[in-house]
Amino acid sequence: YAQVAEDQGHDWIEYNLEGQFVPDILPSGHEANDNHVEAFTVAADVAHDHGLRISAAPIRNVIENNGPAIARVVDIIHIQMQKLQDVDPSQMAAALNTIIPPLRTANPDIEVQIQFSTSWNPAPGLSLLDTFKRFANTAFSVPLNARPNAIGWWVQGDANMDIVGQWLTWYNATYRS
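Residues numbered from 1 in each chain as written. Predicted model: local features only at pLDDT ≥ 70, side-chain atom pairs only at ≥ 80, totals over all residues. Heavy atoms only, no water.

Draft legend 1. Spatial organisation of the environment of N145. Relative to the helices and strands, N145 resides in the loop between α5 (128–139) and β5 (150–154). Among the residues examined, N145 registers a relative accessible area of 42% and is labelled partly exposed. Taking the C-alpha atoms as reference points, N145 and N97, 48 residues apart in sequence, are found 8.0 Å from one another. Leaving out residues up to four positions away in the same chain, N145 has contacts with I100, P101 and R104. (Helix = DSSP H or I, 4+ residues; strand = E, 2+ residues; numbered from the N terminus. Buried < 20%, exposed > 50% of the residue type's maximum accessible area, 1.4 Å probe, protein only. Contact = heavy atoms within 4.5 Å.)

Draft legend 2. Inspection of the pairing of β5 at higher detail. Inspection of the sheet shows strand β4 (residues 111–117) paired to β5 by 5 bridges, in the parallel sense. Within β5, the residue paired with S117 across the bridge is W154. Considered for its hand, the β-α-β crossover made up of β4, α5 and β5 is right-handed. (Pairing = 2+ DSSP bridges. Right-handed = clockwise from strand over helix to strand, strands pointing away.)

Draft legend 3. Local environment of the pairing of strand β2 (residues 53–57). Where burial is concerned, most of β2 is hidden: 4 out of the 5 residues are buried. Here strand β1 (residues 12–16) runs beside β2; their pairing, made up of 5 bridges, is parallel. Considered in β2, the bridge of W12 is made with R53. Relative to strand β3 (residues 76–80), β2 runs parallel, the two sharing 2 bridges. Bridge pairing in β3 places A56 opposite I77. In this region the chain leaves β2, passes through helix α3 (residues 60–71) and returns to the parallel neighbour β3; the handedness of that crossover is right-handed.

Take a look at the structure:
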């Protein structure tokens, strides 16, 4: 898809290292799911050969195990944090403080994006919209070296798309005005 992205004028492409998206065998003959760093290195080489930046979107445990080595070869890391959107915010803050600083040490230019999901449960006692607000507030409450560059959401075409618009209105009023 790198050639298609380049031809269409995109400036970056994402490689998701979840089982359903990964080719079984890398050029080295190794299996991608057992060789995360090699898989992202190959993907980054292809993207960079096409003049594209690359976003790595592995599942969070891959980042926890191999994050700095992956950060050295990619331009963006997309961390799936939706499993922490409905727990005590201190758990998410602790995860950001643990995961992001080593990525920035390995690659000071890395952009880090985190993701919540409209398909995940709201936090106990909160609406889904208030859960998203708390998610953003938590992400921006950690020290700068642990703070993501961007927040995104995973949407599966569900009825909660309306909430994304409400969250964006709140986000823009809260963080951009």
